[in-house]
Amino acid sequence: MGGTGLPPLALSEGERSALEGWARRRSTAQGLAQRAQIVLACARGWSNTMVAARLGTERRTVARWRTRFLRDRLNGLADEPRPGVPRTVTDAQVEEVVVRTLEGTQPGGTHWSKRELAEVVGISPASVLWIWQVFGLQPWRTDTFKISPDPFLIDEIRDVVGLCPTPPANAVVFAMEEKPQIQALERTTPVLPMLPGMPERRSFDYVRHGTVDLFAALNTATGKVIAKLSAQHRAVDFRDFLDGIDRQTDKSLAVHVICGNCEDRDVPQGAGA
């Protein structure tokens, strides 16, 4: 097509093959695929207006990529560097921050602080914090865990878990907890009631009246709680509480007690009682 007033756009075999590949492959970025289609259409001798109408884009977009291709050929279709401050943190520094955070601590400390690590690596504390956030690192936090020394742990876990998906027939299940060393406290003066413009007030100091041991068992089916307070922390009190559960349960039902937070005693621990 002549008479467009535009400089001719001719393609070599290599350029045409590359452009057709970019326009056809699914893995090609959407922007690059459109630019390839624009250049291929321009190579047919179409005007900018015609190419824009055929590809559903704007005339100035076609003109820009036609000009870029004529000037820089295939390299002109790539994105130009974006304006802004150049990157100052290198990949090696990012790796060093991650490795030092995971594999060591600062001298005399329990973990790296962002300022100490920034000084060692040679970047700003803000950059260290940014790297920690990107990699999900929180060196100032700790968590705890416990490995049970109970040799029957696996069997007990199976018993407890088995009560949930396959509850036994004609049975009742209690979840039991013990809270030892509960302090019995009394304020040194009576509590002053709330008044208009003034909240309820309690004395700062208090008198200790020793400790108590609380046993509580929750019926997992009805929500009923059986509780008992003991002035001492003894195995006999634990057995008395189990007897109390038995007395308050229908004799036709088998009783299963899941014990949690119970201190070591001269009584066997397990899923059933």
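Residues numbered from 1 in each chain as written. Predicted model: local features only at pLDDT ≥ 70, side-chain atom pairs only at ≥ 80, totals over all residues. Heavy atoms only, no water.

Moving on, we get to the packing of aromatic side chains. This structure, assessed with the given rule, holds three aromatic pairs. Ring centres 6.2 Å apart and planes at 50° place the aromatic pair Phe215 and Phe238 in the tilted group. Here Phe215 is found in strand E2 (residues 206-219), whereas its partner Phe238 is found in helix H9 (residues 235-247), with 23 residues between them in sequence. Overall, the relative accessible area of 5% leaves Phe238 in the buried class. Relative to Phe241, the ring of Phe215 has its centre 5.4 Å away and its plane inclined at 20°; by these criteria the two rings are stacked. Placement of Phe215 in strand E2 and of Phe241 in helix H9 is noted, with a sequence separation of 26 residues between them. Phe241 sits in the buried class, given a relative accessible area of 3%. Members of the aromatic cluster, joined through ring pairs, are Phe215, Phe238 and Phe241. Sitting above the plane of the Trp46 ring, Arg54 keeps its charged end 4.6 Å from the centroid. (Phe/Tyr/Trp six-rings, centres within 6.5 Å; stacked < 30°, edge-to-face > 60°. Helix = DSSP H or I, 4+ residues; strand = E, 2+ residues; numbered from the N terminus. Buried < 20%, exposed > 50% of the residue type's maximum accessible area, 1.4 Å probe, protein only. Lys NZ or Arg CZ within 6 Å of the ring centre and 35° of its normal.)

Below, the discussion takes up the nonpolar core. Membership of the largest hydrophobic core comes to 17 residues, with the highest contact counts inside it found for Leu11, Leu19, Val39, Val51, Phe69 and Leu77. Among the elements that make up this core, the one with the highest residue count is helix H2 (residues 30-42) (six residues). Dropping the residues within four chain positions of it, Val39 is found in contact with Leu9, Leu11, Leu19, Trp65, Phe69 and Leu77. Grouped together as the second largest cluster of nonpolar side chains are 13 residues, Val97, Val98, Ala118 and Ile123 included. (Core = buried A, V, L, I, M, F, W, Y, C linked by side-chain atoms within 4.5 Å. Contact = heavy atoms within 4.5 Å.)

As a further point, take unusual backbone geometry. Unusually for a residue other than glycine, Asn170 sits at a positive phi of about 55°. Within the secondary structure, Asn170 is located in the loop between helix H8 (153-162) and strand E1 (171-187). The exposure class of Asn170 is exposed, given its relative accessible area of 59%.

Looking now at the pattern of salt bridges. Counted by the stated rule, this structure contains seven salt bridges. Glu96 is the partner of Arg100 in a salt bridge, and the nearest nitrogen-oxygen pair spans 2.9 Å. Of this pair, Arg100 and Glu96 both sit in helix H5 (residues 91-103), separated by four residues, roughly a single helical turn. What makes Glu96 partly exposed here is its relative accessible area of 27%. Asp237 is the partner of Arg234 in a salt bridge, and the nearest nitrogen-oxygen pair spans 3.1 Å. Residue classification places Arg234 among the partly exposed residues on the basis of a relative accessible area of 37%. (Salt bridge = Lys/Arg side-chain N within 4 Å of Asp/Glu carboxyl O.)

Before going further, it helps to examine the side chain of Thr249. Checked against the element boundaries, Thr249 lands in the loop between H9 and strand E4 (254-260). A polar contact is formed between the side chain of Thr249 and the backbone oxygen of Ile245, at a distance of 2.7 Å. In contact with Thr249, not counting residues within four places along its chain, are Val172, Phe174 and Val255. (Polar contact = N/O pair within 3.5 Å; in protein donor to acceptor, adjacent residues only side chain to side chain.)

The N-to-C vectors of helix H3 (residues 48-55) and helix H4 (residues 59-72) enclose an angle of 115°; their axes lie 8 Å apart at closest approach. Accordingly, the angle class assigned to the pair H3 and H4 is roughly perpendicular. Seen from above, H3 lies across H4 with right-handed handedness. Contacts between H3 and H4 involve Asn48, Thr49, Val51 and Ala52 on the former and, on the latter, Arg59, Val62, Ala63 and Arg66. Split into classes, the residues belonging to the contact of H3 with H4 amount to four nonpolar, two polar and two charged. (Axes fitted to C-alpha atoms, helices over the stretch in contact; angles between N-to-C directions. Parallel < 35°, antiparallel > 145°, perpendicular 65-115°, else oblique. Left-handed = near helix turned anticlockwise from the far one by under 90°. Nonpolar A, V, L, I, M, F, W, Y, C, P; charged D, E, K, R; others polar.)

All right, on to the sheet that holds E4 then. Here we have four strands laid out as an open sheet, ordered E3-E2-E1-E4, and mixed in their pairing. Each end of this open sheet is capped by a strand with a single partner; those strands are strand E3 (225-230) and E4. Here the average twist between neighbouring strands, direction ignored, is 30°. As judged from the six bridges shared by E2 and E3, these two strands associate in the antiparallel manner. (Pairing = 2+ DSSP bridges.)

What follows concerns a nonpolar patch on the surface. Together, Trp130, Val134 and Phe135 make up a nonpolar patch on the protein surface, roughly 340 Å² of accessible area in all. The residue Val134 is located in helix H7 (residues 125-135) in this model. (Patch = residues over 30% accessible without salt bridge, like charges linked within 9 Å, V, L, I, M, F, W, Y side chains within 5 Å. Areas by Shrake-Rupley, 256 points an atom, 1.4 Å probe, with all protein chains shown as cover.)

This part is about the side chain of Asn219. Tracing the backbone shows Asn219 in strand E2. Residue Asn219 is classed as buried on the basis of its relative accessible area of 11%. Discounting residues that sit within four places of it in the chain, Asn219 has contacts with Val172, Val173, Phe174 and Lys224.

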